[in-house]
Amino acid sequence: QVQLVESGGGLVQTGGSLRLSCVFSGSIFSAYTMGWYRQAPGKQRDLVAEITSGGRTNYADFVKGRFTISRDNPKNTVYLQMNSLKPEDTAVYYCKGSIDAFSRPYWGQGTQVTVSS
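The rules we used
Residues numbered from 1 in each chain as written. Predicted model: local features only at pLDDT ≥ 70, side-chain atom pairs only at ≥ 80, totals over all residues. Heavy atoms only, no water. Core = buried A, V, L, I, M, F, W, Y, C linked by side-chain atoms within 4.5 Å. Buried < 20%, exposed > 50% of the residue type's maximum accessible area, 1.4 Å probe, protein only. Helix = DSSP H or I, 4+ residues; strand = E, 2+ residues; numbered from the N terminus. Disulfide = S-S within 2.5 Å. Pairing = 2+ DSSP bridges. Axes fitted to C-alpha atoms, helices over the stretch in contact; angles between N-to-C directions.

**Observations concerning the nonpolar core**
Next, step 1: Judged by nonpolar contacts, the single largest core of 29 residues is most densely connected at M34, W36, V78, L80, M82 and Y93.
Next, step 2: Residue assignment for this core shows that the elements contributing at least two residues are β3 (18-25), β4 (33-39), β5 (46-51), β7 (67-72), β8 (77-82), β9 (91-98) and β11 (111-116).
Next, step 3: Looking at which element gives the most residues to this core, the answer is β3, with four residues.

**As for the state of the cysteines**
Next, step 1: Using the criterion set out here, one finds one disulfide in the structure.
Next, step 2: The disulfide partner of C22 is C95, and the S-S distance across this bridge is 2.2 Å. Disulfide C22 to C95: torsion about the S-S bond roughly -80°, handedness left-handed. With C22 in strand β3 and C95 in strand β9, this residue pair connects regions lying 73 residues apart in the sequence.

**Examining unusual backbone geometry**
Next, step 1: Of note in this structure, N76 is not a glycine but carries a positive phi near 55°.
Next, step 2: Position of N76 relative to the elements: it lies in the loop between β7 and β8.
Next, step 3: You can call N76 partly exposed: its relative accessible area is 27%.
Next, step 4: Of note, the phi angle at S84 is positive, near 50°, even though the residue is not glycine.
Next, step 5: Within the secondary structure, S84 is located in the loop between β8 and β9.

**Examining the sheet that holds β3**
Next, step 1: Spatially, β1-β3-β8-β7 is the arrangement adopted by the four strands of the open sheet, whose pairing is antiparallel. The sheet terminates laterally at β1 (3-7) and β7, the two strands that pair on one side only. The sheet shows a mean angle of 15° between the axes of neighbouring strands, taken without regard to direction.
Next, step 2: Sheet topology note: the β7/β8 ladder contains six bridges and is antiparallel. Counterpart to D72 in the pairing with β8 is T77.

Here is the structure:
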């Protein structure tokens, strides 16, 4: 049973930084593409960043140059370093793991990020 547990959210002022972590268990972490998504109240869940099993990264335009996704395979953990945070970054951030486009994805429970102006 794959499980994803996020941590690192919180309240930060505009311009501040946070690092989110997502610990993966229950399967072979290194085989999974890992992603961070976010969902603000009343809005859809959007991709923030993702990193493939081979280490290729992809970012949403609204976080390019501010956020960095990385993974530590021996620790079964994916990170999202968030810098220069803005109030519009306020959302619940979710970690997602998927092994390919045909298999079911796995989601964490989410961690709240609030950026005050």
